[in-house]
Amino acid sequence: MKKLSIIGMPMDLGQMRRGVDMGPSAIRYAGINERLRVLFDEIEDLGDIAVGRPEVRIDPNSNLRNLELVAEKNSLLADEVDKIIESGSFPLVLGGDHSIAIGTLAGVSKHYKNLGVIWYDAHGDLNTADTSPSGNIHGMPLAASLGLGHEMLTQLGGYTPKVKPENIVIIGARALDDGEKDLIKELGIKVFTMHEVDRLGMATVIEETVNYLKDKTDGVHLSLDLDGLDPTDAPGVGTPVTGGISYRESHLAMEMLAEAKIITSAEFVEVNPILDEKNKTAVAAVALMGSLFGEKLL
């Protein structure tokens with residue numbers, strides 16, 4: 001039986017622009033349940049992790065924004081994701097800023113010996129307190145999942161690392177900090193920047209991604225940041241970067257991942273309806289979910 005469990009993570013603590021906490025609501029409003037209902041035998045919406053309205057705090061030692069709160073809330077998410085997988089259901093997490101991936105991966109990775117991660121994003125999210133220009137944790141989740149950074153983030157779930165560098169593929173990168181570039185080279189992380197997407201075409205990028213991951217991983221998590229798309233197609237994001245992946249290219253990517261049958265968990269993050277145009281970004285997110293879960297044009 002194909003079962004999907006949806007959980008919202010309305011957290012905006014990993015960055016400074018308010019509104020991304022309304023992302024899960026915007027995605028639900030865009031018709032996620034109706035869209036995906038025909039693709040699964042059963043769908044359960046578990047509601048949202050309670051985040052509340054905590055005050056912004058800067059950790060005096062690390063200069064990280066809301067460190068304790070981000071760790072605490074992600075720990076709650078990790079527990080929920082763990083339970084979803086235990087129940088035999090596919091976990092779909094709705095963000096929230098990208099710092100929620102720390103919790104998602106902490107809940108997912110304990111179920112796999114060699115988890116693969118596809119990071120569909122304009123950014124590498126490979127910063128630590130030492131390299132981050134801002135102290136915003138939404139730029140750190142992939143580094144934290146690799147075991148790099150503050151131990152409150154790396155040790156979430158009681159183990160580290162969650163993923164190995166050779167099991168990661170970043171797609172759509174076009175805004176990388178110097179420290180992230182150095183880390184990518186040092187660890188040999190596979191990255192398809194927009195140069196490769198343009199030059200090779202999305203079909204080849206996904207073929208190479210699937211071939212790179214399929215034999216050495218026992219599950220693959222998709223972490224899709226809507227800012228991976230070009231701002232013309234997804235304007236409602238906190239850190240838009242021009243020159244991104246098109247809406248149609250993204251559908252092709254999701255359709256090909258559906259055909260490959262390698263994705264075992266997913267999250268869609270950084271939908272900010274305050275910055276959006278008529279909920280366009282949430283509607284795009286839901287449409288891409290449809291393609292990821294096997295929706296076809298004919």
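Predicted model only: the values in this text are computed from it and were never measured. Counting of residues starts from 1 at the beginning of each chain's written sequence and follows it residue by residue. Predicted model: local features are reported for residues with pLDDT of at least 70 only, side-chain atom pairs are reported and counted for 80 or more only, and whole-chain, interface and lining totals are derived from all residues. No hydrogens and no water enter the side-chain calculation; it runs on all heavy atoms of the structure.

### Details of the pattern of salt bridges
As a reminder, the rule being used: Salt bridge criterion: a side-chain nitrogen from Lys or Arg within 4 Å of a carboxyl oxygen from Asp or Glu. Note on conventions: DSSP H or I runs of at least 4 residues are helices, E runs of at least 2 residues are strands, and numbering of each starts at the N terminus. Each residue is placed in one exposure class: buried if its accessible area under a 1.4 Å probe, protein chains only, is under 20% of its type's maximum, exposed if it is over 50%, and partly exposed if it falls in between.
Summed over the entire model, instances satisfying the criterion amount to nine salt bridges. In this structure, Asp 48 engages Arg 28 in a salt bridge whose closest nitrogen and oxygen atoms are separated by 2.8 Å. Remark: Arg 28 occurs in helix H1 (residues 23-29) and Asp 48 occurs in strand E2 (residues 42-48); sequence separation between them is 20 residues. Since its relative accessible area comes to 36%, Asp 48 is described here as partly exposed. Residue Arg 28 is classed as partly exposed on the basis of its relative accessible area, which comes to 22%. A network of salt bridges, in which partner residues are shared, links Arg 28, Asp 45 and Asp 48.

### Brief notes about the nonpolar core
This is how it is decided: To qualify as a nonpolar core, a set must consist of buried Ala, Val, Leu, Ile, Met, Phe, Trp, Tyr and Cys residues joined through side-chain atoms within 4.5 Å.
By size, the foremost hydrophobic cluster in this structure holds 47 residues, and its most contacted members are Leu 92, Leu 222 and Phe 268. The next biggest cluster of nonpolar side chains, apart from the first, holds 44 residues, and it includes Ile 49, Val 108, Leu 153 and Val 191.

### Focus: the sheet that holds strand E5 (residues 168-173)
For the record, the criterion: For two strands to be treated as a pair, DSSP must find at least two bridges joining them. Angular values range over 0 to 180 degrees, each being the angle between N-to-C directions of two axes fitted as lines to C-alpha atoms, with helices fitted over their stretch in contact.
A sheet is described by the order of its strands in space; here eight strands give the open sequence E2-E1-E3-E8-E7-E4-E5-E6, paired in parallel fashion. With one partner strand each, in any of the chains shown, E2 and strand E6 (190-193) form the two edges of the open sheet. Strand-to-strand, the axes of this sheet are offset by a mean angle of 15 degrees, without reference to chain direction. The pairing of E5 with E6 spans four bridges and is parallel. By the bridge assignment for E6, Ala 173 is matched with Thr 193.

### What about the UniProt feature "binding site: Mn(2+)" (unreviewed entry) in the protein chain?
Applicable threshold: UniProt positions are given in the numbering used here, feature names are shortened, and annotations may be inferred rather than shown by experiment. Working rule for contacts: check all heavy atoms of both residues, and any pair within 4.5 Å makes them a contact. Between N or O atoms, a polar contact is any pair within 3.5 Å; within protein, one atom must be a potential hydrogen donor and the other a potential acceptor, and residues adjacent in sequence are included only when both atoms are from side chains.
Per the UniProt annotation, the sites labelled "binding site: Mn(2+)" (unreviewed entry) are His 98, Asp 121, His 123, Asp 125, Asp 225 and Asp 227. Across 130 residues, the annotated set stays spatially compact, with a maximum C-alpha separation of 12.2 Å. Assignment of secondary structure puts His 98 in the loop between strand E3 (90-95) and helix H4 (101-109). Excluding residues within four positions of it along the chain, His 98 makes contact with Trp 119, Asp 121, Asp 125, His 138, Pro 141, Ser 223, Asp 225, Glu 267, Val 269 and Glu 270. At 3.0 Å, the side chain of His 98 forms a polar contact with the side chain of Asp 125. Looking at where Asp 121 falls in the secondary structure, it is placed in the loop between strand E4 (115-120) and helix H5 (141-145). At 3.2 Å, the side chain of Asp 121 forms a polar contact with the side chain of Trp 119.

### So, H4
Within H4, nine of the nine residues are buried, which leaves it mostly tucked inside the rest of the structure. For H4, the set of buried residues is Ala 101, Ile 102, Gly 103, Thr 104, Leu 105, Ala 106, Gly 107, Val 108 and Ser 109.

### Points about the packing of aromatic side chains
Our working definition: Put simply, two rings from Phe, Tyr or Trp (the six-membered ring, in Trp's case) pair if the centres are within 6.5 Å, and we call them stacked under 30 degrees between planes, edge-to-face over 60, tilted for the rest.
The tally for this structure, following the rule as stated, stands at two aromatic pairs. Aromatic pair Phe 40 and Phe 293: ring centres 5.1 Å apart, planes at 70 degrees, arrangement edge-to-face. With Phe 40 in the loop between helix H2 (32-37) and E2 and Phe 293 in the segment after helix H11 (280-292), this residue pair connects regions lying 253 residues apart in the sequence. Where Phe 90 meets Phe 293, the ring centres are 5.1 Å apart and the plane angle is 90 degrees; that geometry is what we call edge-to-face.

### With respect to the environment of Val 237
Structurally, Val 237 is set in the loop between strand E7 (219-225) and helix H10 (247-260). Placed 218 residues apart in sequence, Val 237 and Gly 19 show a C-alpha to C-alpha distance of 9.3 Å. Setting aside residues no more than four positions away along its own chain, Val 237 makes contact with Leu 226, Asp 227, Glu 270, Asn 272, Leu 275 and Thr 281.

### What to know about the pairing of strand E8 (residues 263-269)
Our working rule: For a crossover, the right-handed case is the one in which the path from the first strand over the helix to the second runs clockwise, viewed with the strands pointing away from the viewer.
Burial of E8 is extensive: six of the seven residues sit out of reach of the surface. Inspection of the sheet shows E3 paired to E8 by three bridges, in the parallel sense. What sits directly across from Leu 92, in E8, is Ala 266. Here six bridges tie E7 to E8, and the two strands are oriented parallel to one another. Counterpart to Asp 225 in the pairing with E8 is Val 269. With H10 bridging E7 and its parallel neighbour E8, the resulting β-α-β unit is right-handed.

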